[in-house]
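Close look at the chain arrangement
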Amino acid sequence: MTSRRRTSLRVGVGVLGAMLAAAVVGPLISPYAFDEQSLALIGLPRAPSLAHWLGTDELGRDELTRLMAGGRISLSIGLAGAAVATGFGTFVGALAGYAGGVVDWALMRLTDVMLSIPALPLVLVVAGMIRPTPALLVVLIAGLIWTPSARIVRAQVRSLKAADFVTAARALGVGPVAIVVRHILPNAAGAIAVSATIAVGGAILLESALSFLGFGVQPPIPSWGSLLNKSEPWLVSAPWLSVPPGTLIFVTILAVNLIGDGLRRRTAR
Amino acid sequence: MSGRVLLWRLLAALPLLLGISLVLFCVIHLAPGGPLDIYADNPAVTPAALARIAQAYGLDRPLPVQYGLWLRAMLTGDWGFSIRTGRPVVREIVERLGPTLQLGTVAMTIAFVASVALGVLAAVEEGRRLDRAVSMVTLVGLSIPVFWLGLVLQYLLSVRLGWLPSAGLESIGGSSVGDRLAHLVMPAAVLAFATSAGWTRYLRAGMIDALRQDYIRTAYAKGLSTRAVLLRHALPNAIVPAISIIALDLASLISGAVITEAVFAWPGVGSLFVESMDGRDYPVLMGVLMMGSAAVILANIAADLIQAALDPRLRS
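I will try to describe carefully the structure that is included in this document. (Residues numbered from 1 in each chain as written. Chains lettered and ligands numbered in written order. Predicted model: local features only at pLDDT ≥ 70, side-chain atom pairs only at ≥ 80, totals over all residues. Heavy atoms only, no water.)

1. Looking at the overall build of chain B
On a plain count of helices and strands, chain B comes out with 13 helices and zero strands. The linear arrangement of helices and strands in chain B, starting from the amino end, is α-α-α-α-α-α-α-α-α-α-α-α-α. Whereas a compact globule of 316 residues would reach a radius of gyration of roughly 20 Å, chain B reaches 25 Å, over 25% beyond that. By its C-alpha atoms, chain B is 90 × 55 × 35 Å across when sized along the principal axes. Of the contacts formed within chain B by residues at least 6 apart in sequence, a portion of 71% connects residues at least 24 apart. Accessible surface, chain B as shown: approximately 16400 Å² in total, 65% of it carbon and sulfur. Here chain B contributes 24 positively and 20 negatively charged side chains, and the mean placements of these two sets differ by 9 Å. (Helix = DSSP H or I, 4+ residues; strand = E, 2+ residues; numbered from the N terminus. Rg over C-alpha atoms; globule rule 2.2 N^0.38 Å. Contact = heavy atoms within 4.5 Å. Areas by Shrake-Rupley, 256 points an atom, 1.4 Å probe, with all protein chains shown as cover. Lys, Arg positive; Asp, Glu negative; His and termini not counted. Charge placed at Lys NZ, Arg CZ, Asp CG, Glu CD.)

2. Some points on the interface of chain A and chain B
Contact residues are listed per partner, giving 40 residues for chain A and 42 residues for chain B. Roughly 3500 Å² is buried in total at the junction of chain A and chain B, and carbon and sulfur atoms are behind 81% of that figure. The tally of links between chain A and chain B comes to one salt bridge. A salt bridge links Asp-261 of chain A to Arg-201 of chain B, with the shortest nitrogen-to-oxygen separation between them at 2.8 Å. If you look at where chain A meets chain B, you find three residue pairs in polar contact (both at pLDDT 80 or more). If you list the elements that add at least two residues to the side of chain A that touches chain B, you get α3 (101–116), α4 (119–130), α9 (189–212) and α11 (239–268) of chain A. With 13 residues, α11 of chain A is the single largest residue contributor to the side of chain A that touches chain B. (Buried area = accessible area lost by both parts, 1.4 Å probe. Salt bridge = Lys/Arg side-chain N within 4 Å of Asp/Glu carboxyl O. Polar contact = N/O pair within 3.5 Å; in protein donor to acceptor, adjacent residues only side chain to side chain.)

3. What about the side chain of Ser-242 of chain A?
Assignment of secondary structure puts Ser-242 of chain A in helix α11. Setting aside residues no more than four positions away along its own chain, Ser-242 of chain A makes contact with Leu-228, Ser-231 and Leu-235 of chain A together with Trp-148 of chain B.

4. Some points on the nonpolar core
Counting 99 residues, the largest nonpolar core has Leu-124 and Val-125 of chain A together with Phe-147 of chain B as its most contacted members. Sort the elements by how many residues they give to this core and helix α13 (residues 282–310) of chain B lands first, with ten residues. Beyond its immediate sequence surroundings of up to four residues, Leu-124 of chain A is in contact with Leu-210, Leu-213 and Phe-215 of chain A together with Val-258, Phe-273 and Met-277 of chain B. Met-108, Ala-111, Ile-216 and Leu-253 of chain B belong to the second-largest nonpolar core, a separate cluster that totals 37 residues. (Core = buried A, V, L, I, M, F, W, Y, C linked by side-chain atoms within 4.5 Å. Buried < 20%, exposed > 50% of the residue type's maximum accessible area, 1.4 Å probe, protein only.)

5. Overview of the packing of helix α2 (residues 63–99) of chain A against helix α5 (residues 134–145) of chain A
A pair of packed helices can be characterised by two numbers: the angle between their axes and the separation between those axes. Residues and elements named next belong to chain A. Direction vectors running N to C along α2 and α5 enclose 45°, while the axes themselves pass 8 Å from each other. Looking at the two axes, α2 sits oblique to α5. Viewed along their axes, α2 and α5 form a crossing whose handedness is right-handed. Seen from α2, the contacting residues are Ile-77, Ala-80, Gly-81, Val-84 and Ala-85; seen from α5, they are Pro-134, Leu-137, Val-138, Ile-141, Ala-142 and Ile-145. A breakdown of the residues in the contact of α2 with α5 according to their chemical character gives ten nonpolar, one polar and no charged. (Axes fitted to C-alpha atoms, helices over the stretch in contact; angles between N-to-C directions. Parallel < 35°, antiparallel > 145°, perpendicular 65-115°, else oblique. Left-handed = near helix turned anticlockwise from the far one by under 90°. Nonpolar A, V, L, I, M, F, W, Y, C, P; charged D, E, K, R; others polar.)

6. Some details on the pattern of salt bridges
The tally for this structure, following the rule as stated, stands at 13 salt bridges over all chains. The residue Asp-112 of chain A makes a salt bridge to Arg-109 of chain A at a minimum N-O spacing of 3.0 Å. Here the residue Asp-112 of chain A and the residue Arg-109 of chain A both occupy positions in helix α3, the gap between them amounting to three residues, near one helical turn. For Arg-109 of chain A, a relative accessible area of 33% puts it in the partly exposed group. Among the ionic pairs, Asp-131 of chain B bridges to Arg-204 of chain B, the shortest N-O distance being 2.7 Å. Taken together, the residues span a long stretch of sequence, with Asp-131 of chain B in helix α6 (residues 129–143) and Arg-204 of chain B in helix α8 (residues 177–211) at a distance of 73 residues.

7. Thoughts on the environment of Leu-20 of chain A
All names here are of chain A. For Leu-20, the location among the structural elements is in helix α1 (residues 2–29). Overall, the relative accessible area of 31% leaves Leu-20 in the partly exposed class. For the pair Leu-20 and Ile-145, spaced 125 residues apart in sequence, the C-alpha separation works out to 22 Å. The contact partners of Leu-20, leaving out residues within four places of it in the chain, are Leu-75 and Leu-79.

8. A few points about the environment of Leu-205 of chain A
Along the chain, Leu-205 of chain A turns up in helix α9. C-alpha separation for the pair Leu-205 of chain A and Ala-82 of chain A, spaced 123 residues apart in sequence, amounts to 11 Å. Residues in contact with Leu-205 of chain A, not counting those within four places in the same chain, are Ile-253 of chain A together with Pro-145 of chain B.

9. Side note on a nonpolar patch on the surface
Residues and elements named next belong to chain A. There is a patch of nonpolar side chains on the surface, built from Val-24, Val-25, Leu-28 and Ile-29 and spanning about 410 Å² of accessible area. Tracing the sequence through the fold places Val-25 in helix α1. Here Val-25 falls in the partly exposed class, since its relative accessible area comes to 41%. (Patch = residues over 30% accessible without salt bridge, like charges linked within 9 Å, V, L, I, M, F, W, Y side chains within 5 Å.)

10. Topic: helix α4 (residues 63–75) of chain B
All names here are of chain B. The first and last C-alpha atoms of α4 sit 18 Å apart over 13 residues, in line with the 18 Å expected at 1.5 Å per residue. Among the residues making up α4, those that are buried are Gln-66, Tyr-67, Trp-70, Leu-71 and Met-74. The buried residues of α4 all sit within an arc of 130° when viewed along its axis, so they share a single face. Pointing more than 90 degrees away from the buried face of α4 are the exposed residues Arg-72 and Leu-75. In the stretch just after α4, Gly-77 is the one whose phi turns positive, near 85°. (Expected span 1.5 Å × (residues − 1). Arc of directions from axis to C-beta.)

11. Here we look at the packing of aromatic side chains
This model, assessed by the stated rule, comprises six aromatic pairs over all chains. Each ring, one from Phe-212 of chain A and one from Phe-147 of chain B, has its centre 4.6 Å from the other, and the planes form 15°; the classification is stacked. Separated into two different chains, Phe-212 of chain A in helix α9 and Phe-147 of chain B in helix α7 (residues 146–160) make up a pair that spans both. Across the pair, Phe-147 of chain B and Phe-212 of chain A agree in class, each one buried. With a centroid separation of 5.2 Å and 65° between ring planes, the pair formed by Phe-25 of chain B and Tyr-67 of chain B is classed as edge-to-face. Of this pair, Phe-25 of chain B sits in helix α1 (residues 3–30) while Tyr-67 of chain B sits in helix α4, and the two are 42 residues apart along the sequence. For Phe-25 of chain B, a relative accessible area of 7% puts it in the buried group. Judged by relative accessible area, Tyr-67 of chain B falls into the buried class, the value being 14%. Positioned over the ring face of Tyr-98 of chain A is Lys-161 of chain A, at 5.9 Å from the centre of the ring. (Phe/Tyr/Trp six-rings, centres within 6.5 Å; stacked < 30°, edge-to-face > 60°. Lys NZ or Arg CZ within 6 Å of the ring centre and 35° of its normal.)

Printed below as a string of C-alpha cells:
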C-alpha cells in the first residue's frame, strides 16, 4: 500500500507540475502570440505542420500556443477557485464549529441551502447574467464549492474543541481566534488538504463545463473549455482542434484526483 | 421511521425551501439592469410610460413585496410564462420531463447494476489485480469531463464507424422503437459511466467494511455459501451508507443532465435550461431551479426513509 500511495502522489504531482510549467513557460517561448492571426492561414483550420505543431484554427491562430495560454487561465481559475473556496469554507466551518449555538445553526442551514440547489444550473444562470471575467469566475466557482470544506472543518473543530491541549491553551489565557488558528486548525490540516485537492478538480471541471457551454471565459481569452467549445463545429473536419483541449482537462483532473487519493490514504492512517 | 417523524421531516423541509427561494430570488435581482432596460434608449417611450409599465408589472414595489408576490405565485403553481415562447413555464417543463426521465431511468439503472457488481467484485478481490483495475476505471470515470467523453464517442461511433446516430431523440421522419433505442445508447452510456464511478467507490468501501464484521465470519461458520454471505449479509450493509449519495445523484437528474443533454441534443429539461439561458428566459430558469432543489430535499428525506427501513439501528 505504501508504495502505491507514494506512486499516485508522485505521478499526480509530476503531471500537474508539468502542466503548470508548460502553461507558465510555454507562451513565453512560443514564436506566436495566443491571439496572433496568420493572414495566410485564415479561413479553414490547418492540420499540424512543422511551423504549427498542433495546427491552426479557422482564424489562423497557432493551436499549441492557444492551448498553453488557455492552460494559464484554466489552471489559475482552478487553483484560485479552490483556494478561495477552501479558505472561505475553513472560515465558515471554524466559526460554526467553535462558536456553536445560533451561529452554528444559521451557518449550517446556509450550507444546507447551498447543497440543495443544483450546482451547475445555478452557476450557469449567474454566469449568463454577468458574463464574468476570469476573476469573477473564481468568485462564482468558489461560491459554489466551499460547502464540503466548511462541513469537514466544522466536524474537526467540534471534535477537537474538547481536547485536553485546547483546554490547556484556554486555561493559559489564549484567545478564541488564536486557539482556532494556532491549535485546532493545524490538527485538521490533513483533512483540509484533501478537501482542497478535491476542490481543485471540481473548480477546473466547473470552469471547463461553463466555458464549453459558452458561459465561462469569453473570447478572445482562451481556456481549455472555450477551446473545446470553439472546436465543436470542426469535430469531423479538424479533430486536432478538439482532441488536445479535452485531453488536457481530463489528464489534469486525473492528476488532481491521484494527488487527492494519495493524500487521503496518507491521512486515513 | 414513523408517520409522525416523516411529517416532521417534511415540515422541516419547508423553511429550507423558503431559504432556497430567497437565494434564487436574490440571484434574479443580481442581474445588472432590469426587464425595462430595453425601453431606456427608446426615444418613443416617455418616462411617464415607463413608470406606467413598471407599475403594471409591480416593478415599482419594494423588493420584499415583490418577493412575497413571487413566492405566492410559485406556491399556487403559477410559475409565470416563458419569455421565449409565451407558454406557461409549468407546461414547458412538464413537456421536457419525459425525455429526461427516460434517459435518467435507463442510465441510472445501468449505473446501479454496474456499480454494485464492480463494488462487490473489487471488495472481494481487495488489493489484487481486479480491484486495481476497478479503481483505475473509477478514477477515469471521476476525472473525464462528460462533454469531452460525449464528443469523443460521437466522433468514433457516429462519424468514423457510423454505428449509432450522433444526437437527438429520434430520426426525422421514422421513429421506430429500435431507432429510439439507438439514439439512447450513447447518452445513457456516458451518463451511466460518469455516475457509476462515484457509486462504485462508495459500494466498494462499504463492502470492505462489511466483510470485516463478525457477523460475516458467523455466516461463513454456519456453512452459508460465499454467494449468500456476499449478497444477503454483506451487500445490504454496504448499500445503506451509499443510498444518500445515490438519492442525491438521482434527484439532481430532475433538473436535467445539463451537459449530457447539451452534447447529445437530447430534448430534456437540461436542454430546456441551456436554451432558456440564450434567451435569458428567467421564469423558466427559476422554475427548473426550484423544481431541482425541491427534488434534492425530497430525495434526502427518501434516502433517510430507505436507510431506516434497511437498518433498524437508524430507526430511533
